[in-house]
Structures are given as structure tokens and as C-alpha cells.
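Structure assessment
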Amino acid sequence: MANLNEILRIAGSLPQAEKMARELVAKDEQFLLDLGLVLSARGKFDEAKKLIDQLAERYPHDDRIAFNRGWHVLRDGDLASGIALLDRGRQAGVFGSLASNKYPLRLPHRRKVEVLLPGGDLGWVKGKTILLYGEGGLGDEMVNARFAKTIADRGGRVLVSCHSSLRNLLARVPGVWRTVIQPDLKPEMYDAWLPAMSAVRVCGYTYDTLPRAPYLTPRPDLVAKAIAPDYALGP
């Protein structure tokens, strides 16, 4: 199995990358997934999905194949199943921050939250501090902070770990009890945890039921300053 970036670097363009990937597959089927990735990059989603589905059937325990299949399942409209497949990318080091050991924190010291479905067994959550572990880039941390309200509504007290530049912003998100920057996080701060990029699956959402209410708000003092008559944008 090659690397898509390496194929693109050598080929120089997507059409040439597809030609190169097909030539590699003709010699060795280990490059089938790479061909599927090139096809996806070229917008040939149906052909790519068919190829990756076949690979997943042939190699059901391959986490990299499952991860790449997840994007096609999401595109087909199945949010829960798609995220479950993306989660398998953690084992291959291609999804989330936990797999890369970005921060030296032994999260398994506490219970990992696997499911928080409405109507399910939520008794153990009530009054407990649940860590929503921010991961990925800054955009990922902001997008997934919305699920703090869901966890709070189901009984948890939500501690959000995040990048230092987002701490004040995410502290204003509904449902957030407290924020902490990643390097300062300690296991004694929480009772259970879940990785933020898996929260949509853990909370049982579909595309139709995703929270759509605004949840990121600016600082009121900065808003007041910006709309003041004497506010100047610059020199």
C-alpha cells in the first residue's frame, strides 16, 4: 500500500495519479485502496465506494480501509455508521488526537463513555464530571463543543479540554461547566470521558436530529465596543 500524497507528488496531477494508481494495481492489488483514494479525490465517488466496499468485505479487520469507507457511508446519509467507521481510524493513527498521543495523558484511568442515548441507562451520569476531550484541529474542537449541552441535558457536568486559544470561547458554550487546556488536564478532574470527535455517535444523533441552535457567542464587552459610535477599525 502506497501513500496518496506520494503518488500525487510523483504523478504531479490527479489525472496522472489515477493513471499511475491503475498501473500499480495491475501489478499488485495491495494498491487498490490507494486507487480508491485517488478516485475519491477526483470526484468519482461511486466507483471509489464500490472499490472500497469490496476491500472492506475482503479485509473486514483492516482499520484503514474501514476509516476510508466511513467517508462514503457519511456521504450516503448514515451519520452513526459513518462515524463508527471513522472511529476505527484511531487504531490506524488517522483520526482524532488520541491515537497520535499528542498529549501525554492516560485517559483510560477513567471510564470511557461509549453510549449516551436518550432513554438509555443514564443514571450513572447524573452528577458526574464528564470530560469532552477536544481533539483534531481548532475547527474540530469548536464543531464538537456543541455536544456539551447534550451531555449536560442527560445529567453530566461537562468539562471541556481544548487548545488555549479556544478556552474563553468554549467556556460560553451552553452545557459547558468548565474548560481546561489540554496540557493541564489531570485524571482526577473528571469521572468519565469521551473523545469529542466521537461525541455525535455516542450521543446517538443522525443528520436529521443534529443540534442546530447557535452555540458559539462573542464576548458581550467586545460586541458593545464594536458597535459603539466611536469604534475605529484601525488607523
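Just so it is clear, the structure is predicted and the values come from calculations on it, not from any experiment.

Basis of the calculations
Residues numbered from 1 in each chain as written. Predicted model: local features only at pLDDT ≥ 70, side-chain atom pairs only at ≥ 80, totals over all residues. Heavy atoms only, no water. Helix = DSSP H or I, 4+ residues; strand = E, 2+ residues; numbered from the N terminus. Buried < 20%, exposed > 50% of the residue type's maximum accessible area, 1.4 Å probe, protein only. Contact = heavy atoms within 4.5 Å. Areas by Shrake-Rupley, 256 points an atom, 1.4 Å probe, with all protein chains shown as cover. Axes fitted to C-alpha atoms, helices over the stretch in contact; angles between N-to-C directions. Parallel < 35°, antiparallel > 145°, perpendicular 65-115°, else oblique. Left-handed = near helix turned anticlockwise from the far one by under 90°. Nonpolar A, V, L, I, M, F, W, Y, C, P; charged D, E, K, R; others polar. Pairing = 2+ DSSP bridges. Salt bridge = Lys/Arg side-chain N within 4 Å of Asp/Glu carboxyl O. Expected span 1.5 Å × (residues − 1). Arc of directions from axis to C-beta.

On to the overall build of the protein, then. Assigned secondary structure in the protein consists of eleven helices and five strands. Buried residues in the protein amount to 40% of all 235 residues. Partitioning the contacts of the protein with sequence separation of at least 6, the portion at a separation of at least 24 is 65%. When the accessible surface of the protein is split by element, carbon and sulfur atoms take 54% of a total near 12900 Å².

This brings us to the environment of V173. Checked against the element boundaries, V173 lands in the loop between α9 (167-171) and β4 (176-181). Exposure remark for V173: the relative accessible area of 2% places this residue in the buried category. When the C-alpha positions of V173 and F147 are compared, they lie 9.4 Å apart, and in sequence the two are 26 residues distant. With residues near it in sequence (within four places) discarded, V173 still touches A145, Y215 and L216.

Time to look at the packing of helix α2 (residues 14-27) against helix α3 (residues 32-41). In contact at an axis separation of 9 Å, α2 and α3 are set at 160° when each is read in the N-to-C sense. The angle between α2 and α3 places the two elements in the roughly antiparallel class. Where α2 crosses over α3, the handedness of that crossing is left-handed. Contact residues: L14, A17, E18, A21, R22 and V25 in α2; L32, L35, V38, L39 and A41 in α3. A breakdown of the residues in the contact of α2 with α3 according to their chemical character gives nine nonpolar, no polar and two charged.

Moving on to the pairing of strand β5 (residues 192-195). Alternating positions in β5 separate into two faces, A192 and L194 on one and W193 and P195 on the other, with burial throughout. Pairing between strand β1 (residues 111-112) and β5: two bridges, direction parallel. Bridging across to β5, K112 finds its partner in W193. Of the strand pairs in this sheet, strand β2 (residues 129-133) and β5 are connected by four bridges, and their pairing is parallel.

With that out of the way, let us pick up the sheet that holds β1. Taken in spatial order, the five strands line up as β1-β5-β2-β3-β4 in an open sheet, and their pairing is parallel. If you trace the sheet from one side to the other, it starts and ends with β1 and β4, each paired once. One ladder, built from five bridges, connects β2 with strand β3 (residues 157-162); its direction is parallel. Looking across to β3, one finds that I130 is bridged to V158.

A separate point is the environment of L55. Relative to the assigned elements, L55 resides in helix α4 (residues 45-58). Judged by relative accessible area, L55 falls into the buried class, the value being 4%. On a C-alpha basis, the gap between L55 and L32 in space is 7.9 Å, while along the polypeptide they are 23 residues apart.

Here the focus is the side chain of T179. Residue position: T179 is located in strand β4. Among all residues touching T179, those that are not within four sequence positions of it are L159, V160, C162, R167, L170 and A171.

Following the criterion strictly, the structure yields 16 salt bridges and no others. For R9, the salt bridge identified is with E6, shortest N-O distance 2.8 Å. Here R9 pairs with E6, and both are found in helix α1 (residues 4-11), just three residues apart, close to one helical turn. The exposure class of R9 is exposed, given its relative accessible area of 59%.

So, on to α4. The end-to-end C-alpha distance of α4 is 20 Å, a good match for the 20 Å that 14 residues give at a rise of 1.5 Å each. What α4 keeps buried is the set A48, L51, I52, L55 and A56. On an axial view of α4, the arc spanned by its buried residues comes to 140°, and they lie on one face. When the buried face of α4 is taken as reference, the exposed residues oriented beyond 90 degrees from it are D46, K50 and E57. Packed against the buried residues of α4 are α3 and α5 (63-75).

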